[in-house]
Amino acid sequence: MVDQPVLPDPALIVLVGASGSGKTTWAEQNYRSAEIVSSDALRAVVGSGPHDLAASSDAFALLDQIVDGRLRRGLTTVVDTLGLDAVRRQGLLEAASAARLPAVAIAFATPAGLCRQRNAERETPVPARVLTAQLRSFRTTADQLNREGWDAVVNVMDSDTPKDPALDRRPASGPDSAPVGRSGLDVVLQVSRFPWDDDPASWLKSIAEAADQAGFAGLALMDHLIQIPQVGSSWEPIPEPWVTLGMLAGLDTGLRLGTLVSPVTFRPAGITDKAAATLDVLSGGRAFLGVGAGWWEREHAAFGLPFPGTTERLDHRETAIETIRALWASGTKPHAGPKVQLPETTCYPRPVSDIPIIVGGGGERRTLSIAARLADACNLPAGITTLQRKAAVLRRHCAEAGRDPDEVALTVLDLPVVGRDRDDTWKRVERLRGRASAATYAARHHAGTAAQQRGRYEQLAALGVSTAFVALPDLAGPDDVLAVAAMLPAR
């Protein structure tokens with residue numbers, strides 16, 4: 001069996017091994033046919049067949065052109081040749097470096113006897129003396145690979161049967177995965193598109209019930225007045241979230257319910273306070289509240305709402321959180337806070353739980369400062385590098401405010417493309433990417449199988465993330481929710 005490495009993706013993958021070592025079978029088990037560039041296949045294109053050695057020069061010229069074109073577009077490329085020519089390997093390394101992609105050599109240390117057996121069973125076997133020379137060359141090459149500058153050299157031992165690697169591949173930029181148990185992150189389904197045809201209530205009910213069945217910890221709704229261009233067209237429906245959440249609270253699920261996020265420019269803080277408190281009571285203590293500053297001027301203008309400047313909106317968010325917390329506090333006494341004065345705090349029904357307030361946005365000077373001082377959680381981008389940087393800034397703001405950073409949970413918004421396998425994943429990327437390049441869209445949306453997403457969430461949990469809000473770009477119905485259940489960490 002081929003030992004399956006964990007490989008960067010996208011990357012240049014160069015297979016190295018003698019004839020019969022299992023390179024082609026391994027590539028076909030691991031990658032889509034479009035990602036594999038094979039010298040034998042190209043001989044068949046420009047010559048009389050895969051073993052037409054007279055066509056080798058043209059085949060390799062075409063191979064180099066294809067590899068260069070794919071790497072320039074940031075696409076994973078698997079080079080299926082013998083890989084025993086040091087000069088050609090150096091050229092491939094330089095091409096990967098120019099494209100800023102990692103380069104990995106996969107060395108197939110298959111026993112010589114097995115190579116000879118397989119070769120003998122071929123319709124057109126390699127001459128025995130040629131295979132012997134390849135096996136001898138491989139032993140020398142295997143020693144050279146570690147000195148050639150590859151980002152990784154992976155040795156695999158093929159004893160007979162290839163292994164499906166779909167569960168093991170991870171993005172090139174990700175850290176080593178760390179397993180998590182029940183204390184790991186929760187995954188909340190964020191519903192941002194609503195293709196509900198002519199029965200909105202039934203569609204919403206089916207999505208919530210599927211989320212509960214799949215094992216999602218909660219369900220979040222965006223709070224927008226017009227569908228945002230990042231998700232769909234402006235004429236697509238997007239319901240008022242608090243009305244919708246009230247309906248979902250009546251279902252027999254254990255889902256936490258809330259918004260990610262409600263702009264403070266849409267409604268007075270006291271009204272949002274009332275909506276969230278009522279939702280908490282109706283749901284038996286399952287409400288949460290995301291608070292944003294608002295960012296899209298078009299929807300404000302279309303609905304006759306003021307759209308202040310950035311500084312004023314951020315100030316408004318700060319006063320909104322103070323107002324909401326004052327109204328949720330016990331009693332009906334007046335409130336005299338740093339920014340808000342209230343003659344009384346009469347708000348009934350009171351929430352039946354401590355409703356978490358999540359600050360959305362990553363502005364490092366003001367937004368993260370507000371989160372550090374006033375929020376229960378801060379929602380950040382899911383990209384590892386950006387997340388680590390902003391989390392460090394958040395911790396610094398907490399220290400300046402005299403607050404324990406552990407009191408402010410880290411959450412992320414994730415928009416993954418999730419496929420059944422590698423081929424299905426890329427079909428989804430092609431369907432969804434619009435004018436973006438496939439590689440760019442795939443990277444931005446962490447395209448991969450459900451198992452790969454689960455591994456990524458385990459990485460996020462290891463970085464201290466408590467909740468991932470997941471919005472599926474191609475969500476159409478409950479089957480799409482159930483299909484990604486395998487990506488959820490163990491609960």
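The model shown is predicted, which means the values in this text are computed figures rather than measured ones.

1. With respect to the pattern of salt bridges
Right, so step 1: Tallied over the entire structure, the rule returns 25 salt bridges.
Right, so step 2: With a shortest N-O distance of 2.6 Å, aspartate 40 and arginine 43 are connected by a salt bridge. Taken together, the residues aspartate 40 and arginine 43, both in helix H2 (residues 39–46) and 3 residues apart, mark about one turn of the helix.
Right, so step 3: One salt bridge in this structure joins aspartate 424 and arginine 428, with 2.9 Å as the shortest N-O distance. Taken together, the positions of aspartate 424 and arginine 428, both in helix H14 (residues 422–432) and 4 residues apart, correspond to about one turn of that helix.
Right, so step 4: Of the residues examined, arginine 428 reaches a relative accessible area of 14% and is grouped as buried.
Right, so step 5: If you follow the salt bridges from partner to partner, you end up with Arg420, Asp424, Arg428, Arg431 and Asp474 in one network.

2. Here's the deal with the sheet that holds strand E5 (residues 152–156)
Right, so step 1: Taken in spatial order, the 5 strands make up an open sheet running E2-E3-E1-E4-E5, and their pairing is parallel. Only two strands of the sheet have a single partner each, and these edge strands are strand E2 (36–38) and E5. Across the sheet, the mean angle separating the axes of adjacent strands is 20 degrees when strand polarity is ignored.
Right, so step 2: Across the sheet, helix H1 (residues 23–30) is in contact with strand E1 (12–16), E2, strand E3 (77–80) and strand E4 (103–108); its angle to E1 comes to roughly 150 degrees.
Right, so step 3: Along the sheet, helix H6 (residues 128–145) makes contact with E1, E4 and E5, crossing E4 at roughly 150 degrees.

3. Re the sheet that holds strand E6 (residues 186–191)
Right, so step 1: Reading around the circumference, E6-E7-E8-E9-E12-E13-E14-E17 is the order of the 8 strands in this closed barrel, with parallel pairing throughout. Geometrically, the sheet is characterised by an average inter-axis angle of 25 degrees between neighbouring strands, direction not taken into account.
Right, so step 2: The sheet contact formed by strand E14 (residues 409–414) and strand E17 (residues 465–470) spans 5 bridges and is parallel. Paired with threonine 411 across the bridge in E17 is threonine 467.
Right, so step 3: Against the sheet, helix H11 (residues 310–328) makes contact with strand E9 (287–292) and strand E12 (357–360), and its axis sits at roughly 175 degrees relative to E12, the strand it touches most.
Right, so step 4: With respect to the sheet, helix H16 (residues 450–462) is in contact with E6, E14 and E17, its orientation differing from that of E17 by roughly 140 degrees.

4. Re the layout of surface pockets
Right, so step 1: Its boundaries defined by the atoms lining it, the largest pocket holds a volume of some 1300 Å³.
Right, so step 2: Forming the walls of the largest pocket are 42 residues, and the residues nearest its centre are Met222, Ile228, Gln230, Leu413 and Leu415.
Right, so step 3: Across the lining of the largest pocket, the residue classes break down as 21 nonpolar, 14 polar and 7 charged.
Right, so step 4: Its boundaries defined by the atoms lining it, the second largest pocket holds a volume of some 970 Å³.
Right, so step 5: Surrounding the second largest pocket, 39 residues form its lining, Ser19, Asp40, Arg43, Leu82 and Arg122 being those nearest its centre.

Procedures and definitions
Residues numbered from 1 in each chain as written. Predicted model: local features only at pLDDT ≥ 70, side-chain atom pairs only at ≥ 80, totals over all residues. Heavy atoms only, no water. Salt bridge = Lys/Arg side-chain N within 4 Å of Asp/Glu carboxyl O. Helix = DSSP H or I, 4+ residues; strand = E, 2+ residues; numbered from the N terminus. Buried < 20%, exposed > 50% of the residue type's maximum accessible area, 1.4 Å probe, protein only. Pairing = 2+ DSSP bridges. Axes fitted to C-alpha atoms, helices over the stretch in contact; angles between N-to-C directions. Contact = heavy atoms within 4.5 Å. 1 Å grid on protein atoms, 1.4 Å probe; cavity = no way out; pocket = protein on both sides within 12 Å on 5 of 7 lines; lining within 4 Å. Points joined across faces, edges and corners; volume = space filled by probe spheres on them. Nonpolar A, V, L, I, M, F, W, Y, C, P; charged D, E, K, R; others polar.

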